Each structure stands twice: as C-alpha cells, then as structure tokens.
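Residue strings, one per chain:
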Amino acid sequence: MMTVSDFEHIAIKLRPRLLDVGRRFFGDNDMAEDIAQETLMRLWVIRQRIDTRIGTEALAMKMARNLCVSEWRQRQKLQIVEIQQETAESKQVDSQMVTDESILQLRRAVAQLKPAERRLFRMRYELEMDIAEINAVTGITPRSISVMLSVSKRKLKEILMTKGDR
Amino acid sequence: MNDLIDKFLNEQTTPVEEHRLANMLRQEPDIDAWIEEDETDTYERIVSQRHRRRLVRWAAAAILVMAVVAGATLLWPQDTAESTVAKVNHTNPADEEPATAAIMPDTVHDAEPQQPVRMTKTTTPVKEKPSQVKTVDSLQIYIARLEKELDEVSDSDYATQAEQIIKADARLQRLVQRIMIGEINKGEQSAEVVDTKEKKEEGL
C-alpha cells in the first residue's frame with residue numbers, strides 16, 4: 001500500500017511525464033497542467049488501492065491519457081455534456097435526498113470557479129488533503145495554495161450572495 | 001444560506017465542521033472506471049490525427065507561399081542589365097535585330113556583310129516593343145550583352161569573345177569609313193554637277 005511519503009515522492013517524479021502527456025495531446029501548457037494535477041489528484045484518491053510493486057507510473061500515464069480523451073470529448077459536445085451534468089446532478093440530489101438546497105447551491109457555485117481554483121477547492125475541502133499533499137500534487141507553493149483557497153472562498157461567497165439577491 | 005456554509009465562507013469553521021461539510025460535498029468517484037478504463041488507442045489516434053493535420057497545414061502553407069512567389073516572379077520579372085538598357089533606350093526592338101546582325105553576325109567573318117545574318121538568341125530577349133530604334137541603341141545593347149557574357153565565361157571563352165569584339169570593331173570601323181567616303185564622294189559628285197551646270201550656262 002502506498003504511504004503519503006511514497007505518494008509525494010512519486011508525484012514529484014511523475015509530474016513532468018504527466019505534463020508531457022497533456023502537452024502532446026493539447027499542445028497547451030495550461031491544459032497539460034490541468035491534466036497532470038487531475039491525474040495526481042485521482043492517484044491520491046486511489047492511493048490506498050495502489051500496490052507500489054505494480055507499475056504506478058504506468059497506471060498514472062494511462063489515467064492521464066484517459067483524462068485527455070475525456071476532456072477532448074467534453075469539448076466536442078460541450079453543451080450536451082453541460083445539460084447532461086445538470087440533469088445527472090439534479091437526479092442525484094433528488095434520489096439521495098441527503099443534500100439540502102444550500103449544498104447544491106454551493107456545488108453549483110464551485111462549478112463556476114476557474115479549473116485551477118475548483119481543483120484546489122476539491123482537494124482541500126472535499127478530499128480533505130492537507131497543504132503539503134496539495135503541494136505535492138499541484139507543485140504550487142503552500143503560501144500560494146492558502147491565498148488561492150482564500151480567494152476561492154471569497155468568489156463563492158460573491159456568487160452565492162448574487163444568486164440569493166435574485 | 002445554510003449556517004454551516006455561511007460560517008465556512010467566512011472562514012469561521014472548526015476542523016470538525018469542515019469535515020462534516022466535506023462529507024456533504026464529496027461525491028463518490030467511480031474509482032473502478034479510473035483504474036480499468038484504457039483510452040490509450042483513442043489517445044494515440046487523436047494525437048496522430050492532429051500531427052497529420054498539422055503537417056498538411058504546413059504543406060498547404062508552403063505551397064501557398066511558393067505559388068505567391070512564383071506568381072510574383074511571373075508578374076514582375078527581374079530587370080537584367082540588358083533589359084534595363086532596352087527599356088531606357090529602345091522604343092521598338094523589332095528594328096533591333098537587323099541593325100545588330102549587320103554589325104555582329106554569329107560566326108566571325110572578315111568579309112563584308114553581304115546579307116544580314118540573324119542572331120541566335122543567347123540571353124533574355126527584350127520583350128518591350130518600343131516605337132523608335134537607332135543603330136547606336138542596338139550597339140549599346142549588344143555591348144552590354146557582351147559585357148555580361150564575358151563576366152560569365154571561362155578564360156579561353158573570354159579570349160574568343162574578345163577576339164570577336166575586336167574583329168567586329170574592325171568591321172565597324174571599315175563600315176564607318178565606307179559611309180564617310182560615300183558621303184565625301186556624294187559631296188564631290190554634287191559639286192561636279194554644279195560646276196558642269198555653271199559651265200553649260202556660261203557656254204550658252
């Protein structure tokens with residue numbers, strides 16, 4: 001089983017190769033960064049299921065390629081996907097009946113953040129990663145992570161206040 | 001807004017409350033799909049398609065540039081020394097060939113030019129159609145052409161060309177002399193005619 005220090009070590013090693021996978025597909029550094037961060041975040045989520053003896057690198061590369069294709073498909077039919085996501089989200093809320101209206105509003109507000117902000121928010125407040133782990137995944141300095149999280153919260157507050165006024 | 005969310009956005013939540021909120025926000029991901037799904041083939045296919053498309057774009061751009069350059073070359077041909085001289089001095093190149101040929105045939109002969117020999121075209125022909133031309137102009141063009149050709153030939157060819165020029169010059173000098181003698185003779189003949197007329201009048 002992969003420990004946190006194992007993960008941090010692997011994340012530093014994998015990051016450049018994951019960036020290459022994204023860059024090769026999109027030809028864009030920002031998208032490559034998104035792919036690398038999302039892959040490492042997913043790797044962190046499944047870290048307890050990963051056997052370090054079996055190729056973690058191969059798995060990470062495969063996940064990165066999957067993410068590239070997935071992102072490409074979403075771009076191909078962006079509008080349809082948006083509608084489907086909204087419908088799926090509504091259905092999930094209706095079926096589970098555990099999430100109240102405020103949580104749903106918060107999720108929608110989070111969806112309006114920039115991808116990097118949204119990812120940091122998810123890491124910190126959904127996956128409950130600590131700042132060091134986020135730093136290992138994103139390569140962003142701890143100080144910048146704190147600032148970005150604070151800015152994200154302020155934006156969410158503004159979005160929710162605006163919606164509340166309507 | 002929910003009190004918990006309100007406290008969270010105002011950064012007043014405790015770790016316990018944040019954990020509670022995280023549990024509410026968290027949506028269980030489809031981890032099995034992450035691990036088992038393999039889109040490598042699709043990834044490689046899309047990358048190669050994009051690579052091919054990029055190559056085609058570059059090729060199309062290169063062809064377009066070549067077409068533009070070729071079009072520009074055809075529409076605005078470069079001026080040679082020869083054509084520049086022609087543009088400046090000539091108004092009708094149709095008259096050029098006989099005059100030039102009379103001075104310098106393509107084979108070297110010391111004999112007098114009995115019939116003008118047409119020159120074979122060796123360099124860029126003059127395309128303009130000027131309205132007037134003089135022998136002097138044709139001579140200038142021919143000299144310019146010779147100078148240009150001499151720059152491009154080897155030493156042995158140079159000697160041959162120089163010999164041709166000298167012979168042509170000699171022929172030109174003889175031609176000029178003949179014209180001058182002819183003019184002098186004409187003058188003498190007209191003077192004789194005048195003298196004869198005067199004598200006849202005096203006789204009368």
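**Details of the overall build of chain A**
Regarding its fold elements, chain A presents 8 helices and 0 strands. When the helices and strands of chain A are read in sequence order from the N terminus, they spell out α-α-α-α-α-α-α-α. For chain A, the residues scored as buried account for 43% of the 166 residues in total. For chain A, restricting intrachain contacts to residue pairs at least 6 apart in sequence, the fraction spanning at least 24 positions comes to 64%. Summing over all exposed atoms, chain A offers an accessible surface of approximately 9100 Å²; the carbon and sulfur share of this is 50%.

**Focus: the overall build of chain B**
When you go through chain B residue by residue, the secondary structure sums to 8 helices and 0 strands. Starting at the N terminus and walking to the C terminus, you meet the elements of chain B as α-α-α-α-α-α-α-α. Buried positions account for 24% of the 204 residues belonging to chain B. Here chain B displays about 14900 Å² of accessible surface, and carbon together with sulfur accounts for 57% of that area.

**Let's talk about the pattern of salt bridges**
Summed over the entire model, instances satisfying the criterion amount to 14 salt bridges over all chains. Linking Arg24(A) and Glu44(B) is a salt bridge whose minimum nitrogen-to-oxygen distance equals 3.0 Å. Taken together, the residues Arg24(A) in helix H1 (residues 4-26) and Glu44(B) in helix H4 (residues 40-75) connect one chain to another. Judged by its relative accessible area of 44%, Arg24(A) is partly exposed. Classification of Glu44(B) as partly exposed rests on a relative accessible area of 32%. Arg75(A) is the partner of Glu71(A) in a salt bridge, and the nearest nitrogen-oxygen pair spans 3.9 Å. Within this pair, Glu71(A) and its partner Arg75(A) are both found in helix H3 (residues 56-76), separated by 4 residues, close to a single helical turn. Overall, Arg75(A) belongs to the partly exposed group, its relative accessible area being 44%. Within the structure, one salt-bridge network assembled from shared partners comprises Asp34(A), Glu38(A), Arg42(A), Arg119(A) and Arg122(A).

**As for the interface of chain A and chain B**
If you look at the interface, chain A gives 35 residues, while chain B gives 31 residues. When chain A packs against chain B, close to 3500 Å² is buried across both sides, 58% of that on carbon and sulfur atoms. Of all residues in chain A, Arg24(A), Phe25(A) and Lys153(A) give up the largest surface area on contact with chain B, accounting jointly for 16% of the area buried on that side. The tally of links between chain A and chain B comes to 3 salt bridges. When the shortest N-O distance is used, the salt bridge between Arg73(A) and Glu39(B) registers 2.6 Å. At the junction of chain A and chain B, the tally comes to 16 residue pairs in polar contact (both at pLDDT 80 or more). Elements with a minimum of two residues in the side of chain A that touches chain B: H1, helix H2 (29-45), H3, helix H5 (101-111), helix H6 (115-126) and helix H8 (142-165) of chain A. Counting residues per element, the side of chain A that touches chain B draws most heavily on H3(A), which supplies 9 residues.

**Section: the confidence of the model for chain A**
Residue and element names in this part refer to chain A. When pLDDT is averaged along chain A, the result is 82; 81% of the residues meet or exceed 70. When mean pLDDT is taken per element in chain A, H2 scores highest with 90 and helix H4 (residues 78-96) scores lowest with 53. Long-range and interchain partners of residues 93-98, a stretch whose pLDDT sits below 50, account for 3 contacts in this model, where long-range means more than four residues apart.

**Brief notes about the packing of H6(A) against helix H2 (residues 15-25) of chain B**
Remark: H6(A) packs on H2(B), axes separated minimally by 9 Å, with the N-to-C direction vectors making an angle of 120°. On the basis of the axis angle, H6(A) is oblique to H2(B). Of the residues in H2(B), those in contact with Phe121(A), Arg124(A), Tyr125(A) and Glu126(A) of H6(A) are Glu18(B), Ala22(B) and Leu25(B). Looking at the contact of H6(A) with H2(B) residue by residue, the class counts come to 4 nonpolar, no polar and 3 charged.

**Here we look at the environment of Glu8(A)**
All names here are of chain A. Here Glu 8 shows up in helix H1. With relative accessibility at 26%, the residue Glu 8 sits in the partly exposed group. Here the alpha-carbon distance between Glu 8 and Val 137, two residues 129 residues apart in the chain, equals 7.6 Å. Filtering out sequence-adjacent residues up to four positions away, Glu 8 remains in contact with Ala 132, Glu 133 and Ala 136.

**A word on the nonpolar core**
With 58 residues, the main nonpolar core has Leu18(A), Leu43(A), Ile46(A), Leu106(A), Leu156(A) and Leu21(B) as its most contacted residues. Looking at this core, the element that brings in the most residues is H1(A), giving 9 residues. Viewed by domain, this core spans two of them, domain 1 (1-92) and domain 2 (95-166) of chain A, each represented by three or more residues. When residues no more than four places from it in sequence are discounted, the contact partners of Leu43(A) are Phe7(A), Leu14(A), Ile50(A), Thr56(A), Leu59(A), Ala60(A) and Met63(A).

What counts as what
Residues numbered from 1 in each chain as written. Chains lettered and ligands numbered in written order. Predicted model: local features only at pLDDT ≥ 70, side-chain atom pairs only at ≥ 80, totals over all residues. Heavy atoms only, no water. Helix = DSSP H or I, 4+ residues; strand = E, 2+ residues; numbered from the N terminus. Buried < 20%, exposed > 50% of the residue type's maximum accessible area, 1.4 Å probe, protein only. Contact = heavy atoms within 4.5 Å. Areas by Shrake-Rupley, 256 points an atom, 1.4 Å probe, with all protein chains shown as cover. Salt bridge = Lys/Arg side-chain N within 4 Å of Asp/Glu carboxyl O. Buried area = accessible area lost by both parts, 1.4 Å probe. Polar contact = N/O pair within 3.5 Å; in protein donor to acceptor, adjacent residues only side chain to side chain. pLDDT = per-residue confidence, 0-100. Axes fitted to C-alpha atoms, helices over the stretch in contact; angles between N-to-C directions. Parallel < 35°, antiparallel > 145°, perpendicular 65-115°, else oblique. Nonpolar A, V, L, I, M, F, W, Y, C, P; charged D, E, K, R; others polar. Core = buried A, V, L, I, M, F, W, Y, C linked by side-chain atoms within 4.5 Å. Domains from an automatic or database assignment.

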